[in-house]
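For reference, the chains in residue letters:
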Amino acid sequence: AQQLGTPLSNQEYRQFFRSLRATHRASTACLLRELYGCQNPLVRRLDEYENHGVIPEGPICSELPGTLFFPDFCTFSFYRCTRKRYFIKV
């Protein structure tokens, strides 16, 4: 069992995004985030699932060149959507 609030393993990410493999599915999930924001129940469930049941609070550290942190998980997830880099982890 993983610790609450930790990111998924690589294998868990593959499972998590399996249903989003098709471009139109990933785009739909990102469109929901864009239209309804992170407070939407479906978006929150996806975020919780991705982080073993707890959406991280506060700044999210990143290993991305030029982007060391994001103010919150919502901003980080939105960044991944806009860049179409769904497997970026922190």
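Our structure is the block above this text.
So, here is what we can say about the structure in this document. (Residues numbered from 1 in each chain as written. Predicted model: local features only at pLDDT ≥ 70, side-chain atom pairs only at ≥ 80, totals over all residues. Heavy atoms only, no water.)

Turning our attention to the pairing of strand β1 (residues 60-64). Alternating positions in β1 separate cleanly, Ile60, Ser62 and Leu64 being buried on one face and Cys61 and Glu63 remaining unburied on the opposite face. Joining the antiparallel neighbours β1 and strand β2 (residues 67-70) is a turn of two residues, in which Gly66 adopts a positive phi near 85 degrees. (Buried < 20%, exposed > 50% of the residue type's maximum accessible area, 1.4 Å probe, protein only. Helix = DSSP H or I, 4+ residues; strand = E, 2+ residues; numbered from the N terminus. Pairing = 2+ DSSP bridges.)

Within the structure shown, the criterion is met by two disulfides. The disulfide that involves Cys30 links it to Cys81, with 2.2 Å between the sulfurs. In this structure the cystine formed by Cys30 and Cys81 twists about its S-S bond by roughly -80 degrees; its chirality is therefore left-handed. Residue Cys30 is located in helix α2 (residues 23-36), and its partner Cys81 is located in helix α4 (residues 73-83); the two are separated by 51 residues in the primary sequence. Residue Cys30 is classed as buried on the basis of its relative accessible area, which comes to 11%. Judged by its relative accessible area of 15%, Cys81 falls in the buried class. (Disulfide = S-S within 2.5 Å.)

Moving on, we get to the nonpolar core. Counting eight residues, the largest nonpolar core is built from Ile55, Ile60, Leu64, Phe70, Phe73, Phe76, Tyr79 and Ile88. When contributions to this core are tallied by element, the ones reaching two or more residues are β1 and α4. It is α4 that provides the largest number of residues to this core, a total of three residues. The contacts of Phe70, once residues within four sequence positions are left out, are Gly58, Pro59, Ile60, Ser62, Leu64, Thr75, Phe76 and Tyr79. (Core = buried A, V, L, I, M, F, W, Y, C linked by side-chain atoms within 4.5 Å. Contact = heavy atoms within 4.5 Å.)

Right, let's get into the packing of aromatic side chains. The final tally for this structure, using the stated rule, is three aromatic pairs. Ring pairing ties together the aromatic residues Phe70, Phe73, Phe76 and Tyr79, which thus form one cluster. (Phe/Tyr/Trp six-rings, centres within 6.5 Å; stacked < 30°, edge-to-face > 60°.)

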